[in-house]
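# Secondary and tertiary structure notes
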Amino acid sequence: MLTPQGLKGKQYRVTGNAYPRLGRPPKRSRKVVAALAALLALALIGLGGVQLYDIFRGKDKNAAAQACAAPSGKALAAPTPGASPGAPAASGAPAAVDPHAVPQPSAVTVNVYNATTKAGLAGRTADELKKRGFVIGKVGNAPAELDKKVPGTAQVIAGPTGAGAGTLVGSQIAGATVTADARTDASVDFVIGDSYNALLDETQAAAALALAVKPSPTPAATGSC
């Protein structure tokens, strides 16, 4: 008499070549196998998610590193050779000014131009600048390329050799825009704009000059830019 596993305790006599048919494995075994398969699938999905996260995170880090390594925007263009005095160069901004390169007012010749429809502004402003020690050059209406085209308080224009002088003159009025052209001398054009009212007082002008020549702080090496 034999009692094979899976025959639910029933006994059978083995005769000849005929054997009893075995039943299906217990349901508990099937549940265990299914649970193991589900855990394996979840593990594979989790591993794939971690790898994808690392890949995308690596790309973000590389992009951030490239952004920190190279400053955004285009480099300033050099002043255009042969440009007429009073016309801003394509760069639109002068180079950084060394505080020691800012001259005294007595060494700066200022041309004062009126780009507004208000009569007499150029003469009055020139008189104020002269009282502060500046040497006054030309006084009159702004050239055609700037006439009635200065919406701010003023536009101060200087050449490469007059960068310090341009910064000094620009500090005399709040909101002035300092730009560069290709002139070869150290003269400065002070072009009065629509929003002009008056020069800053001398104390305010000195504070504005100190701020204009103050070195920019160097970013700390913290991994961000």
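What counts and what doesn't
- Residues numbered from 1 in each chain as written.
- Predicted model: local features only at pLDDT ≥ 70, side-chain atom pairs only at ≥ 80, totals over all residues.
- Heavy atoms only, no water.
- Helix = DSSP H or I, 4+ residues; strand = E, 2+ residues; numbered from the N terminus.
- Buried < 20%, exposed > 50% of the residue type's maximum accessible area, 1.4 Å probe, protein only.
- Contact = heavy atoms within 4.5 Å.
- Areas by Shrake-Rupley, 256 points an atom, 1.4 Å probe, with all protein chains shown as cover.
- Pairing = 2+ DSSP bridges.
- Axes fitted to C-alpha atoms, helices over the stretch in contact; angles between N-to-C directions.
- Patch = residues over 30% accessible without salt bridge, like charges linked within 9 Å, V, L, I, M, F, W, Y side chains within 5 Å.
- Salt bridge = Lys/Arg side-chain N within 4 Å of Asp/Glu carboxyl O.
- Right-handed = clockwise from strand over helix to strand, strands pointing away.
- Core = buried A, V, L, I, M, F, W, Y, C linked by side-chain atoms within 4.5 Å.

### So, the overall build of the protein
Looking only at helices and strands, one finds four helices and five strands in the protein. Counting from the amino terminus, helix and strand elements in the protein follow one another as α-β-α-β-β-α-β-β-α. The buried share among the 225 residues of the protein stands at 28%. Contacts in the protein between residues far apart in sequence, at least 24 positions, make up 70% of those at least 6 positions apart. Of the roughly 15100 Å² of accessible surface on the protein, 60% is carried by carbon and sulfur atoms.

### Topic: the sheet that holds strand 2 (residues 135–141)
Ordered by their spatial adjacency, five strands build an open sheet running 2-1-5-3-4, and the pairing between neighbours is mixed. Looking at which strands have only one partner, the edges of the open sheet turn out to be strand 2 and strand 4 (177–180). Ignoring which end each strand starts from, the neighbouring axes of this sheet average 20 degrees apart. By the bridge criterion, four bridges tie strand 3 (residues 154–158) to strand 4 in an arrangement that is parallel. Counterpart to Ala-158 in the pairing with strand 4 is Ala-180. This element, helix 2 (residues 121–131), spans strand 1 (109–114), strand 2 and strand 5 (188–192) of the sheet and lies at about 155 degrees to strand 1.

### Examining helix 3 (residues 163–170)
With eight of eight residues buried, helix 3 lies mostly within the body of the structure. Here helix 3 has its buried residues at Ala-163, Gly-164, Ala-165, Gly-166, Thr-167, Leu-168, Val-169 and Gly-170. Its buried side turned inward, helix 3 meets strand 1, strand 3, strand 4, strand 5 and helix 4 (202–212).

### With respect to the environment of Leu-200
Assignment of secondary structure puts Leu-200 in the loop between strand 5 and helix 4. Under the relative-accessibility criterion, Leu-200 is labelled buried at 19%. Once the C-alpha coordinates of Leu-200 and Ser-171 are considered, the two residues, 29 residues apart in sequence, prove to be 8.2 Å apart. Discounting residues that sit within four places of it in the chain, Leu-200 has contacts with Arg-132, Ser-171, Gln-172, Ile-173, Ala-174, Ala-205 and Ala-208.

### Section: a nonpolar patch on the surface
Nonpolar side chains collect at one region of the surface, where Leu-36, Leu-39, Leu-42 and Ile-45 lie side by side and expose about 460 Å² of accessible area between them. Looking at the secondary structure, you find Ile-45 in helix 1 (residues 27–69). Residue Ile-45 is classed as exposed on the basis of its relative accessible area of 61%.

### Examining the environment of Leu-211
Within the secondary structure, Leu-211 sits in helix 4. Distance in space between the C-alpha atoms of Leu-211 and Ser-171 is 9.1 Å, their sequence separation being 40 residues.

### What to know about the pairing of strand 2
Relative to strand 2, strand 1 runs parallel, the two sharing five bridges. Paired with Val-112 across the strands is Val-139, a residue of strand 2. Where the polypeptide runs from strand 1 across helix 2 and back to strand 2, its parallel neighbour, the crossover connection is right-handed.

### Regarding the nonpolar core
Within the largest apolar cluster, 23 residues are counted, with the highest numbers of intra-cluster contacts made by Val-108, Val-110, Val-112, Phe-134, Val-169, Val-188 and Phe-190. Here this core gets four residues from one element, more than from any other, and that element is helix 2. Sequence-distant contacts of Val-112, that is, excluding residues within four places in its chain, are made with Ala-122, Thr-125, Ala-126, Leu-129, Lys-138, Val-139, Gly-140, Phe-190 and Ile-192. In terms of nonpolar packing, the next biggest core, distinct from the first, is built from seven residues, Tyr-113, Ala-142, Leu-146 and Val-191 among them.

### Focus on the pairing of strand 3
Summarising burial for strand 3: five of the five residues are buried, a large majority. Strand direction decides the pairing type here: strand 3 and strand 5, joined by five bridges, are antiparallel. Note that in strand 5 the partner of Val-156 across the bridge is Phe-190. In this fold, strand 3 hands off to helix 3, which returns the chain to strand 4; that crossover is right-handed.

### A short note on unusual backbone geometry
Trans peptide bonds make up most of the peptide bonds, and negative phi angles are found at most residues other than glycine. For Lys-148, which is not glycine, the phi dihedral falls at a positive 60 degrees. The residue Lys-148 is located in the loop between strand 2 and strand 3 in this model. Since its relative accessible area comes to 51%, Lys-148 is described here as exposed.

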